[in-house]
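Spelled out from the first residue to the last, the chains are:
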Amino acid sequence: MNRPLLVTDCDEVLLHMVRHFSDWLGEEHDVLFRPEEGDMAGALKHAATGERVATERVWELLWGFFGTEMHRQTIVPGAIEALGTIGEKADIVILTNLGEEAREGRIEQLARFGIHHEVVCNRGGKGEPLKGIVARHGASRSVFVDDLAVHHASVAKHSPGTRRLHMVAEPSLAAVTATAEHADARIDDWAIATPWILEQLEGRRP
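None of the values given here were measured: they were computed from a predicted structure.

Reading guide: rules and limits
- Residues numbered from 1 in each chain as written.
- Predicted model: local features only at pLDDT ≥ 70, side-chain atom pairs only at ≥ 80, totals over all residues.
- Heavy atoms only, no water.
- Phe/Tyr/Trp six-rings, centres within 6.5 Å; stacked < 30°, edge-to-face > 60°.
- Buried < 20%, exposed > 50% of the residue type's maximum accessible area, 1.4 Å probe, protein only.
- Helix = DSSP H or I, 4+ residues; strand = E, 2+ residues; numbered from the N terminus.
- Pairing = 2+ DSSP bridges.
- Right-handed = clockwise from strand over helix to strand, strands pointing away.
- Salt bridge = Lys/Arg side-chain N within 4 Å of Asp/Glu carboxyl O.
- Expected span 1.5 Å × (residues − 1).
- Contact = heavy atoms within 4.5 Å.
- Core = buried A, V, L, I, M, F, W, Y, C linked by side-chain atoms within 4.5 Å.

1. Some remarks on the packing of aromatic side chains
Thought 1: If you walk through the whole model with that rule in mind, you get six aromatic pairs.
Thought 2: By way of ring pairs, the aromatic residues Phe21, Trp24, Phe33, Trp63, Phe65 and Phe66 are connected into one cluster.

2. With respect to the pairing of strand S6 (residues 91-96)
Thought 1: Among the six residues that make up S6, five are buried, leaving the element largely enclosed by the rest of the structure.
Thought 2: Across four bridges, strand S1 (residues 5-8) lies against S6 in parallel orientation. The residue bridging Val7 from the neighbouring strand is Val93, located in S6.
Thought 3: Taking the sense of rotation as the criterion, the β-α-β connection linking S6, helix H5 (residues 103-111) and strand S7 (residues 118-121) turns out right-handed.

3. Re the pattern of salt bridges
Thought 1: Considering all chains together, one arrives at 15 salt bridges under this definition.
Thought 2: Between Arg72 and Glu69 there is a salt bridge, with the nearest N and O atoms lying 2.8 Å from each other.
Thought 3: Under the relative-accessibility criterion, Arg72 is labelled partly exposed at 23%.
Thought 4: With a closest N to O distance of 2.8 Å, Asp188 and Arg186 form a salt bridge.
Thought 5: Among the charged side chains, a network of salt bridges with common partners joins Asp9, Lys126 and Asp146.

4. Comments concerning helix H9 (residues 190-201)
Thought 1: Taking 1.5 Å as the rise per residue, H9 with 12 residues should run 16 Å; its terminal C-alpha atoms sit 16 Å apart, in good agreement.
Thought 2: Regarding H9, the residues found buried are Trp190, Ala193, Thr194, Trp196, Ile197, Leu198, Gln200 and Leu201.
Thought 3: In the core, the buried residues of H9 are packed alongside S1, helix H4 (79-87), strand S8 (142-146), strand S9 (163-166) and strand S10 (185-186).
Thought 4: Where H9 ends, the next residue or the one after it, Gly203, has phi of about 75°, a positive value.

5. As for the environment of Ala90
Thought 1: As for its position among the elements, Ala90 is in the loop between H4 and S6.
Thought 2: For Ala90, a relative accessible area of 2% translates into the label buried.
Thought 3: With 49 residues separating them along the chain, Ala90 and Ala139 place their C-alpha atoms 9.3 Å apart.
Thought 4: With sequence-adjacent residues up to four places away left out, Ala90 is seen in contact with Arg3, Pro4, Leu5 and Leu201.

6. As for the nonpolar core
Thought 1: Within the largest apolar cluster, 29 residues are counted, with the highest numbers of intra-cluster contacts made by Leu6, Leu14, Ile86, Val145, Leu165, Trp190 and Ile197.
Thought 2: Within the residue set of this core, elements represented by two or more residues are H4, S6, S8 and H9.
Thought 3: Element by element, the count of residues in this core is highest for H9, at six residues.
Thought 4: Once residues lying within four places of it in the same chain are set aside, the contact partners of Trp190 are Thr8, Val13, Leu14, Val76, Pro77, Gly78, Ala79, Ala82, Ile86, Met167 and Ile197.
Thought 5: In this structure, Met17, Phe66, Val168 and Leu173 belong to the second largest nonpolar core, which totals 21 residues.

By themselves, these figures tell us nothing about what the structure is for.
What follows is the structure, encoded as structure tokens:
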């Protein structure tokens, strides 16, 4: 019988990103990151004037960070232990919204923390690629973990049998992020999330 499957995001689930992105923005670009003031496109402001950074510039900065600064990222507490425990029972795939050109860098980055699971890159909604991953693995049970509500909605549409866990591991973001409407649960701590995930993967869900 095929093993169950965990498909997890990386940034703000396995690795901290925005705290390091914020540091880099201040150091190199004189830009402030204020997550409590909106989504990514509305949270960046010029330090000197307080004006919002133009949307196109926001995305340039974001991809610039992933192009040169991924070495700054740190592991989310409990993530390594959780993957080790879950990996005894299930296959694990990391589904990250970076372009294919960043795949090798992401693999190397995760390997530095001892994480050696398959990495799948994606742009846009994660529902269709997740459906394909589940089919390829032949998994009868699957769990999806992500910090963004849009991806939970996408997975609910394309792979409704997959259980969905909303996790925002960065406390400053978690405090201002509403629980995703299409998630089955919201847990922001791996130590608490691991038993829930195993219950779903083993068919013991409430």
